[in-house]
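# Descriptive structure summary
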Amino acid sequence: MTLSPLADLRVLSIEQFGAGPWGTMQLADLGADVIKVEDPATGGDVSRTVPPYQEGEDSLFFESFNRNKRSISLDLRSEGGREVLGDLVRCVDAVYSNLRGDQAERLGLTYAQLGPLNPRIVCCSLSGFGNSGPRAKQAGYDYVMQAMGAWMSLTGGPDEPPTKSGLSVVDFMGGYVSVLALLAGVWRARRDGEGCDCDVSLFETALAQLTYVGTWAASRGYAPPRLAESAHLSIVPFQAFEAADGWFVVACAKQKFWELLCDAIERPDLRDDPRFVDFAGRRDNREVLVAELRSVFRLRGVADWVETLEAAGVPVGRVNDVAGALADPQVEARDALVEYEHETLGLVRQPASALRLSGPRPPVRRGPRRGEHTEDVLGELCGYSAERVAELGTRGAFGPPSELSA
């Protein structure tokens, strides 16, 4: 039988809401055993009660970030909870957390604190601003990071206010970056026998994604403008255009695409115009060229233009709404949605992981109920008997006795 790619990886994750759970779900989707630690004093992961489509502690929001995981209830502030944590650390490859920058150390989740229990342990922290520096104690959220990381200054039209992305993209990128760091740490620990800390921040993730714009600004003092119709800063045409009945995007990232576009729209005069002959000329004469293209594209509908430009080999795409994106034939062809039945929520359908390796995908399981796997995990990993679990329960390890899953 073929094992899942990460079937031999076990991660203990002190996580909630978006960025951290998104990151560890990528590991779980690849077969890792992700054990989600939930605080019984606060009702566990706050995303369990995020509306809409929420009933009790079951919500579609929570399902979007927590499929294929196991959950245990554990109070890390109690003596018993700390004792359980120590035993679990001896049995896992990594401890992951997405907390405020100063909280990992306060809760005893750093390599200096856990390394004596397991020298190979990788302690991965994802926080707003990292575990050091003047902002380490500040809470960090995606919206704040899009503002502070300059993303909002780059998004929106020239006469519009700074605008955030419609999705929590910094959170999701932070999740990806943090588990990439975790995997690198585990690889090194298995090779060299010594674990480490991974200190990943949302702020630095946002800065890193500035890429060429950040390079231009840091190297030459470049101040990027906000351009109309989501236009690219230097490549023309590479933006959204309005058709007779909607919007679509044209992306002429190569000279050949520009030439193919001119042929497809039956405007060889634009291709031969010396003002538009190369990248630099089209950028310098952006306003004149884009005005010409706007007048052409408004004459026909989106479907007509997309069909015409696709046939000509020009990169083009309809500006879909969410339902339209999910209905694209590519989605069905590549099984890009997963589904399962949930006892409370009924049928749950959601985008599948974008991480694809050859071989069968691991089966998809619903997100765990809070504390659902506490006894199973402690028996399986730590060898706890029912009596040991009960004794720890009386010492507050799992919160009130009723919090322990039967």
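Heads up: the structure comes first, above all this text.
First, a word on what this report is: a plain description of the structure on this page. Since this is a predicted model, take the numbers as computed values, not measurements. (Residues numbered from 1 in each chain as written. Predicted model: local features only at pLDDT ≥ 70, side-chain atom pairs only at ≥ 80, totals over all residues. Heavy atoms only, no water.)

### Here we look at the side chain of H342
Put simply, the rule reads: Secondary structure follows DSSP: runs of H or I at least 4 residues long count as helices, runs of E at least 2 residues long count as strands, and numbering of each begins at the N terminus. N or O atoms within 3.5 Å of each other form a polar contact, as long as, within protein, one can give a hydrogen and the other can take it, and as long as residues adjacent in sequence are counted only when both atoms are side-chain atoms. Every residue pair with non-hydrogen atoms within 4.5 Å of one another is taken to be in contact.
Structurally, H342 is set in strand β12 (residues 337-342). Of the polar contacts made by the side chain of H342, one reaches the side chain of E63; its length is 3.4 Å. Sequence-distant contacts of H342, defined by excluding residues within four places in its chain, comprise D58, E63, V348, R366 and R369.

### Some remarks on the sheet that holds strand β1 (residues 10-14)
Test applied: A pair of strands is considered paired only if DSSP assigns at least 2 bridges between the two. As a rule, the C-alpha atoms of each element are fitted with a line to give its axis, helices using only the stretch in contact, and angles between N-to-C directions run from 0 to 180 degrees.
Strand order in the open sheet formed by six strands is β5-β2-β1-β6-β7-β8, with parallel pairing between adjacent strands. In this open sheet, the two strands that pair with only one neighbour each are β5 (70-73) and β8 (196-201). Neighbour-to-neighbour, the strand axes of this sheet turn through a mean angle of 20°, independent of strand direction. The pairing of β1 with strand β2 (residues 33-38) spans five bridges and is parallel.

### So, helix α15 (residues 302-312)
What counts, and what does not: The rule is simple: take the accessible area with a 1.4 Å probe, protein chains only, and divide by the maximum for that residue type; under 20% is buried, over 50% is exposed, in between is partly exposed. The arc in question is formed by the directions pointing from the helix axis toward the C-beta atoms.
Of the residues making up α15, those classed as buried are V302, W305, V306 and L309. Taken around the axis of α15, the buried residues stretch over an arc of 100°, which confines them to a single face. Projecting away from the buried face of α15 at angles above 90 degrees are the exposed residues E307 and A311. Of the surrounding elements, those touching the buried residues of α15 are β10 (247-251), α11 (255-264), α14 (286-297) and β11 (316-318). Directly after α15, the chain includes G313, whose backbone phi takes a positive value near 85°.

### Focus: the pairing of strand β6 (residues 94-97)
Both faces of β6 are covered, namely the face carrying A94 and Y96 and the face carrying V95 and S97. Strand direction decides the pairing type here: β1 and β6, joined by four bridges, are parallel. The partner of I14 across the bridge, within β6, is S97. Both β6 and strand β7 (residues 122-127) contribute to a ladder of four bridges, which runs parallel.

Everything listed here is a matter of coordinates, which is why it stays silent on function.
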